[in-house]
Structure formats: C-alpha cells, structure tokens
Amino acid sequence: AFGAFIPESGALLYSVQTPDETSLLYLGRRWSDPVQVLETDARITTLLTLEDGETVFVVEGLEAGRVRCFLSHNGEEAQRVARGDSCEVSSNGSTLLVSDSTTDALTLTALNLDGTGEVVLLDGAEDTDLTFRLSGDGTQVAYVRSEAELPHVVILSREDGSVVLEGEDLYSLLSYEFSPV
C-alpha cells in the first residue's frame, strides 16, 4: 500500500494493491469513508496531485508501451481523458500533452487539464526524431525536426499548433529543454 497526505486539501490519497488489481482511494475532510477514485488491473506509472490537491492525475501503463491517462476532481471517480504512448502534465498543471508515435511518425495532442480544448499540434509528422518537450507553463511544445539529416528545434504554440520559433540547422543536438518556470 502507498499513502500520501495532501496538506493543501487536508485529504489522504492511498492505494491498495492485490495480486490482480490496484485501488486508488481518496479520503477528504468531507467524507467519513474513503472514496474509490480508480480501480485498475494495469500498473500505475504516474500519480500526481494538482490544483492544491483537489485534482489527481493518474497514468496507467498498458501492454506494448501504451498508457491511459485519468483525472479525478475533488475525490470523484477518475475519468479517462486520453490514451497514447505517453501522457504528461505541465508543471503548473494547466496542460496535458499526449503523444502517439510509430517508428517514423509523431502525433502530439494538447488538452486542458479537464480534458477539453483539444489541439492537435503534430499529426503524423515524419521528419522528427520522435522526441518532444512541454514547457512548464504549458504554453509551448518543442520537438526536433530532422530535415536533410540536420536537426533543428521547433517550438509550437499550445493554443493552435503554430510555429513560434524554428532554430537553425545544427551539426549535432545532444539535448534540449525549456528553462524552469
């Protein structure tokens, strides 16, 4: 079992595991009994509390490298908001970024934390190295375009997928990140 007290909300979030399933339970100030927010037979790979502990973000790892992403608000049952190869949330909790890729194509989709406002930023882009980064404030996404074998970084707007900035061709790119918010 795993448990965590969430000081901002005065709630307790904990999991109970059996050989066949994992239950995620939420015990808030308003309830006398714990509320089950998620029951799964998959492995929970990510568990975050956001918005002062009122929102729980869960990622389940599935077979073949796929994931399902869930959100629970105020101790309610978690709702699936996305499915893909990866699902991450910006550090300020405003944006979900979901990736789907094949061996040579990348699709990136951004959503608001409540699952609304979906914007496809890349749709089967074939000229990438399949890596990407989400800015801490959730407003931009960077990826590496590899045209003519010379890589360069492209930064997209989360609002509409438009190119905000496109860097120069580089001989070699070892790593890239957004600076912390």
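In this text, all values refer to a predicted model and were calculated from it rather than measured experimentally.

(A) Main features of the sheet that holds strand S11 (residues 106–112). Sheet architecture is open: 4 strands sit in the order S9-S10-S11-S12, paired in antiparallel fashion. A strand with exactly one partner marks an edge of an open sheet, and here the two such strands are strand S9 (86–89) and strand S12 (119–125). Each neighbouring strand pair of the sheet contributes to a mean axis angle of 15°, computed without reference to strand direction. As paired strands, S11 and S12 are joined by 4 bridges and run antiparallel to one another. Bridging from a neighbouring strand, Leu108 pairs with Leu122 of S12.

(B) Main features of the nonpolar core. In this structure, Leu97, Leu108, Leu121 and Leu122 are the most contacted members of the largest nonpolar core, which totals 14 residues. Those elements giving two or more residues to this core turn out to be S11, S12, strand S13 (128–134), strand S14 (140–145) and strand S15 (152–157). It is S12 that provides the largest number of residues to this core, a total of 4 residues. Core analysis: the second largest hydrophobic core is formed by 13 residues, Val67, Cys87, Val89 and Val98 among them.

(C) Fine view of the sheet that holds strand S16 (residues 163–166). The strand order across the open sheet formed by 4 strands is S13-S14-S15-S16, and the pairing between neighbours is antiparallel. Both outer strands of the open sheet, S13 and S16, are each paired with one neighbouring strand and no more. For this sheet, the mean inter-axis angle between neighbouring strands, taken without regard to orientation, is 20°. Note: S14 against S15, 6 bridges, orientation antiparallel. Across the sheet, Arg145 pairs through a bridge with His152, a residue of S15.

(D) Region of interest: the packing of aromatic side chains. All chains considered together, the criterion is met by 0 aromatic pairs. Above the ring of Tyr176, the side-chain terminus of Arg133 is found at 4.4 Å from the ring centroid.

(E) Geometry of the pattern of salt bridges. Summed over the entire model, instances satisfying the criterion amount to 6 salt bridges. Through salt bridges with shared partners, a single network forms among Arg66, Asp85 and Asp100.

(F) Fine view of the pairing of strand S1 (residues 2–6). For S1 and strand S2 (residues 11–17), the ladder comprises 5 bridges, and the chain directions are antiparallel. In the strand pairing of S2, Gly3 is matched with Tyr14. Where S1 hands over to S2, the hairpin turn is made up of 4 residues, of which Gly10 adopts a positive phi near 70°.

(G) Up close: unusual backbone geometry. In this model, Ala64 sits at a positive phi of 60°, which is unusual for a non-glycine residue. Following the sequence through the fold, Ala64 ends up in the loop between strand S6 (55–61) and strand S7 (67–73). The exposed category is assigned to Ala64, whose relative accessible area is 79%. Backbone geometry at Asn74 places phi at a positive 55°, although glycine is not the residue there. In this structure Asn74 comes out as partly exposed when scored by relative accessible area, which is 33%.

Cut-offs and rules
- Residues numbered from 1 in each chain as written.
- Predicted model: local features only at pLDDT ≥ 70, side-chain atom pairs only at ≥ 80, totals over all residues.
- Heavy atoms only, no water.
- Pairing = 2+ DSSP bridges.
- Helix = DSSP H or I, 4+ residues; strand = E, 2+ residues; numbered from the N terminus.
- Axes fitted to C-alpha atoms, helices over the stretch in contact; angles between N-to-C directions.
- Core = buried A, V, L, I, M, F, W, Y, C linked by side-chain atoms within 4.5 Å.
- Buried < 20%, exposed > 50% of the residue type's maximum accessible area, 1.4 Å probe, protein only.
- Phe/Tyr/Trp six-rings, centres within 6.5 Å; stacked < 30°, edge-to-face > 60°.
- Lys NZ or Arg CZ within 6 Å of the ring centre and 35° of its normal.
- Salt bridge = Lys/Arg side-chain N within 4 Å of Asp/Glu carboxyl O.

Honestly, it's all geometry; don't read function into it.
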